[in-house]
Each structure stands twice: as C-alpha cells, then as structure tokens.
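Structural description and commentary
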Amino acid sequence: MTTVAVKKVIVMIEFITALSDPDNEFLRLALYIGALASLAFGIIGTYVVTRRISYLAGAIAHCVFGGIGAGIYLQTVVGLKWFDPIYGAVASAILAAVIIGMVSLYAEQREDTVIGALWAVGMAAGLLFMDMTPGYFDISSYLFGDILLLTERDVWMVAVLDAVILVLSIYFYNTLLAICFDDEFAKLRGIPAGAFFILLLCLTALTVVLLVRMVGIIMVIALLTLPAAVAGHFSKRLWQMMILAVFFCMAFTWSGLAVSYTYNLSSGPTIIAIAGTMYITVLIISRNWKKKRR
Amino acid sequence: MKNAVYLKNVSFSFSERPVLEDVNLTIKRGDFASIVGPNGGGKTTFLKLLLGLQKPDSGEILVLGRKPAKSRFRVGYMPQHANLDMQFPVTVMDVVLMGRLGRSLGGRYSKKDREAAAKALSEVEMSGSANHMFRELSGGQRQRVLIARALCCEPELLLLDEPTSNVDPEMEEAFLNILTELNQRMTILMASHDLGFVSQVVKSVICINRRVVIHPTSEINGAIIKDIYGGDFRMVRHDHRCSEKGHRHD
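Throughout what follows, the structure given in this document is the object of discussion. (Residues numbered from 1 in each chain as written. Chains lettered and ligands numbered in written order. Predicted model: local features only at pLDDT ≥ 70, side-chain atom pairs only at ≥ 80, totals over all residues. Heavy atoms only, no water.)

Let us look at the sheet that holds strand S1 (residues 3-14) of chain B. Residues and elements named next belong to chain B. Strand order in this open sheet of three strands is S2-S1-S4, and the pairing throughout is antiparallel. The sheet is open, and its two edges are formed by strand S2 (17-28) and strand S4 (58-63), each paired on a single side. Between one strand axis and the next, the sheet turns by 20 degrees as a mean value, whatever way the strands run. Both S1 and S2 contribute to a ladder of eight bridges, which runs antiparallel. Within the sheet, the bridge partner assigned to serine 13 lies in S2 and is proline 18. Lying over the sheet, helix H1 (residues 43-51) contacts S1, S2 and S4, oriented at roughly 120 degrees with respect to S1. (Pairing = 2+ DSSP bridges. Helix = DSSP H or I, 4+ residues; strand = E, 2+ residues; numbered from the N terminus. Axes fitted to C-alpha atoms, helices over the stretch in contact; angles between N-to-C directions. Contact = heavy atoms within 4.5 Å.)

Below you can see the structure in the form of structure tokens.
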C-alpha cells in the first residue's frame, strides 16, 4: 500500500472512532439527517432539474431568510415565545412557493425579473427584521449552515418530510413525469398542471427549509440540483435518476462530513465542494466519451 | 354535425400585437388540411386556440361541435418537439403512455393503456423502439413518437405542429403514407411551412398570415403564394413520383 492509501485508511478509522465517541452526538445526528435528507433531496432535486426550476428553488431558499428574520422578531420583540423561527421559515417558504409559482404560470414576460426581485427582497426582509431585534444573531449559520445547530427534532421533521414526498411522488409518478416532460400536453389530458406545479414548488420549499440548517440558504440549491444532475448522466428513466440522485446525495453529504470533521473545515461548503467537483468531472468525462463514440 | 372545426369572427392578439384578425373558417370532418404561412404568421397560435390553450379576444370557436376546452379529450396534439427537453430521461414507451393520462386518478397505467400505446407505436412503425431512450432518436423518429402519443388519445381530430421539420427526405414518403392512412378514420390538421410537401396529400390548404384564406390544393399557384408570404417566390415543381418506378412522361 502506498503512503497516501495508508493515510486515507487512518483518516477513515479516526472518523469512525470519532463517530462512536459519546461526545460527538452532533456528528451522529448530522449523519442520520444527511442520510434522511438525501431521500428528499434526491427525489425533489430530480423534479427540480428536469422541470428546470432551480432558479425558482433558489428564490424560495432566499425568501426563507425573510421568514427566519420575521420569526426571530416575533419571538423576541412581539413576545410570541412559542413562535420558533422555523415556523416563520416554513410559512415564508410556502408563501414564496405559491407567489413564485403564480408568477411563473401567469406572467407572460419578465418572469425572471420578478423572481430575481423576490429573491433579493426576501434576503433584505430577513436582515431588516434582525436589525430591529435586539441581541446578536449568528447570520452565517443560516447562510452557510451549521451542523452544530441540528437537534433530534430535525431528525423527526426530515423523516416526516421524506414520508410525505415518497407517498406523493410514488402515487403521482406518471402525472409528475408528464408535467416535467411536457406540461402543455399534460394539461390537454385534463390534468391540473398549474396545481401540480405549485404542489411541486411547495414540496421544494419544505425540502429547502428543513435542510437550510445543514448547508445554509446560499448552498442548499447546489445540494438539491447537483446530485440529480450527476444522476441524470447515468439514467434512462426518471425513477432511476431519483434513486441514483438519493445515492449520490448521501455519498456527497457523508464524505463531506467526514472530510470537514477530519480537517476541521465548515461542513456545508465541504459538502458542496465535493458535489460540485463530482458534477464537473462527470460533465467533462461524459462529453469526451460522447465525442469518442461519434 | 359535419364540421370538425368552426371559427366565426375570431381575433387574437399577444399583448397588443395582432396575430389573427377576423378569422372565419370551417373544416369538415374527414378533411386533411394543412395550415401554411410564414414563421410568426400565427400557425401555432391557431392550433393553440383550437386546443383551448389560448383564448380568443373575440369571436366563437367550436371544435367537434363544442367549446375547445371541452373537446380536448377527443383531440390529439403533436407539438413541435424542439420545445421539449432533450436531456430528459424517458423511454419511447414512457412518452407514448402520456397520451393515456387523465383516465384514472393519480395516473396509473392499466394493461389496456399499455396495449393502446403499443398499437399506436406500431401505427407509426416505431414498435422496435419502445424501450429506446427518447433522447437518442433522430428528429424524424421523435416526430413519429409524438404522433403515436397523440394517437394514444384515440382522437377524432389530429393536430400536428410542423410534422415535416427534421424528417429526412427518404422518410418523408413513408411519413406521408402513415398520415394518409390515419386520415381514413380521423380529421387531420397540420401546420407546415413546407408548401411542396403539403400539396402531395393534403385535401385543402389554409393560409395564415394574420388573415386566413382557404384553398383547395389544386388551386395553389404563384399568385396565391405571393399573396400569403408577401413577396416574390420562385416555384419549384416538387413531385415525389419522379423517382425510380413511378416516373411518368405524359
């Protein structure tokens, strides 16, 4: 064995020992949530990539920041002690999904301008609410994610989200496939394509909200789209793409967590860097491979 | 009720820009009509009005005797495939089965649906490609798969948007035979910018360039073409029968 390989094995062993250390509860939680989250990310990410709505998903993610800000404001200044910022985040994500969906369906032109505006206004609202709230907030943990913030409650919430997404995407598989492939034709077959589109955006919104704490608002879109984009290169059917995307997402999050723990780096950016590198590599290899086949 | 399509005083505009003005038109059942006209002349819009995807600003449209949105289930539609995502991971069968959607809640496909899809594929002579990926087909093959998807709806009226673009010249004849065969049992209305192709099989020609004029195919000549396209054109005789066996000298 080469020295590099030996080092790798040692690092892996260190990471596995670290996992069994009772002081590292947060690391185990992050791994569980990473695995559970991959299911939601893989399935919803596949829809987002094939329906080409990653820009809309990005806008929803940034509107979530406004909701978090409003949640903090309501809790601290207005005195609604029970109002956890996560409620604000969920409410703003669903609201943003419905508004953005309506704009996308009914605005005949300048759709991108309206969505870009919502994107920025969501961020601005979040910051303004935090300005108006006394005390210090670690904004960067919302923007870039922080696995130390994960709790056992997150495990349950992500598990429930997974169940909802699984049931809907299996039951409506054919319908959602038709809507992503050719929504105009789906409409002609009597399917309420607009309603399904908004449902898809709402599921995207929920996925984004629940996973913002892991990779942050800014990078959540990358973890939603990159595994699905990589999977798309190896899939013949939409369901194959979903299964592969779940697998890739899990591989990216787990290896990202291991690397970030070992080298003392932030987990979110490490996960995204690995996903991005894989995506670009697959893109280059498949391009060259296609050229050779011609 | 003999009319497949009936339009009375129909006008349509896209944010102030008029696309169709005061269109009056009837297309009889069993007709094989082609819509010709320059790009941007309103051909696709006309089809979308018949499908109820666009609403006219004024006037009345009846498709198979009812409002367009109510007749959708009896109409098959083949869009221009250039508008579809060519990276999408679907097989030919997946695409054709979409023609059977809307028959059950949730969109499960029954054995009957699969049989109908297989039959539609064989009608366009694409049975061998059922498990191929849609993105790996040639342009002409994709057109035929999309026609199969429309046939899967068991339509009484078939609307085709530019079915001849991307079809190889050798395949064109076979393609025409398929359409002529289908015309035995359904009305066909297709948009095309290829006039030569059209006059071979089509029974009537609808010219759209904001206004609408109908001609029987035998009438098409230089003056009419100039009128539609608004410029001088050279006519090229374009008979498909001058090759090999069918070569006639009279």
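Next comes the rest of the write-up.
This paragraph deals with the environment of isoleucine 68 of chain A. Residues and elements named next belong to chain A. Tracing the backbone through its elements, the reader meets isoleucine 68 in helix H3 (residues 54-78). On the accessibility criterion, isoleucine 68 (5% relative accessible area) is buried. When the C-alpha atoms of isoleucine 68 and glycine 58 are compared, they prove to be 16 Å apart, with 10 residues separating the residues in sequence. The residues touching isoleucine 68, leaving out its near neighbours within four places in the chain, are Pro85, Gly88, Ala89, Met130, Tyr142 and Ile217. (Buried < 20%, exposed > 50% of the residue type's maximum accessible area, 1.4 Å probe, protein only.)

This part is about the interface of chain B and chain A. Each side of the interface is counted separately: chain B has 32 residues, and chain A has 27 residues. Of the roughly 2,900 Å² buried between chain B and chain A on both sides combined, carbon and sulfur atoms contribute 58%. For the pair chain B and chain A, the interface holds four salt bridges. Note that arginine 237 of chain A is salt-bridged to aspartate 94 of chain B, the shortest N-O span being 2.8 Å. (Buried area = accessible area lost by both parts, 1.4 Å probe. Salt bridge = Lys/Arg side-chain N within 4 Å of Asp/Glu carboxyl O.)

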